[in-house]
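If you want the building blocks of each chain, they are given just below.
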Amino acid sequence: MSLPLASIGLVYAVCVALHHAHPKRTAIAHVRTDVRAQKALRIGAVVVLCLAQWLIAQAVGWERGIPILLGVLAAAGALSLIVATLAPRSHLPGGAVLMATGTISAGITLASL
């Protein structure tokens, strides 16, 4: 049960980070004005996405891990855009909560492997 929570939480947080890395879409004032912060947010999102892929691949293998990650990425991206459109004030806090949930679940998953 911890692998789906980890993958969904981390990938949704990646989608939120990539959404807020653009200066016109972000709710973070520092990211809106600082180009280095935007780049750091993008790089951090890619690193977390790679770590999520590695975690999934460790549990189910690379052959099944890549299609699983692509499916989770599509669903999380669509959900992130819907939340950003309909409830923009809860978009960033929701991403932070799911990042924490995904990180804890990833630790549990790695401990059980």
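Our structure is the block above this text.
Residues numbered from 1 in each chain as written. Predicted model: local features only at pLDDT ≥ 70, side-chain atom pairs only at ≥ 80, totals over all residues. Heavy atoms only, no water.

> What's the story with the overall build of the protein chain in this structure? I'm lost.
Scanning the protein chain for helices and strands turns up five helices and zero strands. Shown N-terminal to C-terminal, the secondary structure of the protein chain runs as helices and strands in the order α-α-α-α-α. Taken against the 2.2 N^0.38 rule, which gives 13 Å for 113 residues, the C-alpha radius of gyration of the protein chain at 14 Å falls within 12% of a compact globule. Counting only C-alpha atoms, the protein chain reaches 40 × 30 × 25 Å along its principal axes. (Helix = DSSP H or I, 4+ residues; strand = E, 2+ residues; numbered from the N terminus. Rg over C-alpha atoms; globule rule 2.2 N^0.38 Å.)

> What should I look at first to understand the side chain of Ser-2 in this one?
Among the secondary structure elements, Ser-2 is positioned in helix H1 (residues 2-20). The exposure class assigned to Ser-2 is buried, which follows from its relative accessible area of 17%. A polar atom in the side chain of Ser-2 sits 2.7 Å from the side chain of Thr-109. The contacts of Ser-2, once residues within four sequence positions are left out, are Ser-105, Ile-108 and Thr-109. (Buried < 20%, exposed > 50% of the residue type's maximum accessible area, 1.4 Å probe, protein only. Polar contact = N/O pair within 3.5 Å; in protein donor to acceptor, adjacent residues only side chain to side chain. Contact = heavy atoms within 4.5 Å.)

> Explanation requested: helix H5 (residues 88-112) in the structure shown.
Note on helix geometry: an α-helix contains 3.6 residues per turn, so any two residues three or four positions apart are oriented the same way. Between its first and last C-alpha, H5 extends 36 Å over 25 residues, near the 36 Å set by a 1.5 Å rise per residue. Those residues of H5 that fall on the buried side of the exposure criterion are His-91, Gly-95, Gly-102, Ser-105, Ala-106 and Thr-109. Considering only its buried residues, H5 is in contact with H1, helix H3 (35-60) and helix H4 (62-86). (Expected span 1.5 Å × (residues − 1).)

> What am I meant to see in the nonpolar core here?
Within soluble globular proteins, side chains that are nonpolar generally end up buried alongside one another. Formed by 18 residues in total, the largest nonpolar core has its most connected members in Leu-10, Val-11, Ala-52, Leu-55, Leu-69, Ala-76 and Ala-106. Considering every element that reaches this core, the biggest residue donor is H1, with nine residues. (Core = buried A, V, L, I, M, F, W, Y, C linked by side-chain atoms within 4.5 Å.)

> Please clarify how the environment of Ala-75 should be interpreted in this entry.
Tracing the sequence through the fold places Ala-75 in helix H4. Through-space distance from the C-alpha of Ala-75 to that of Gly-107 is 23 Å; in sequence the pair is 32 residues apart.

> When you look at the packing of H3 against H5 in this model, what are you seeing that I'm missing?
Think of two packed helices as two axes; the pair is described by the angle between the axes and how far apart they sit. At a minimum axis separation of 11 Å, H3 and H5 run at an interaxial angle of 35 degrees. The handedness of the crossing between H3 and H5 is left-handed. In contact with Val-48, Trp-54 and Leu-55 of H3, H5 contributes Met-99, Ala-106, Thr-109 and Leu-110. Taken together, the residues of the contact of H3 with H5 break down into six nonpolar, one polar and no charged. (Axes fitted to C-alpha atoms, helices over the stretch in contact; angles between N-to-C directions. Left-handed = near helix turned anticlockwise from the far one by under 90°. Nonpolar A, V, L, I, M, F, W, Y, C, P; charged D, E, K, R; others polar.)

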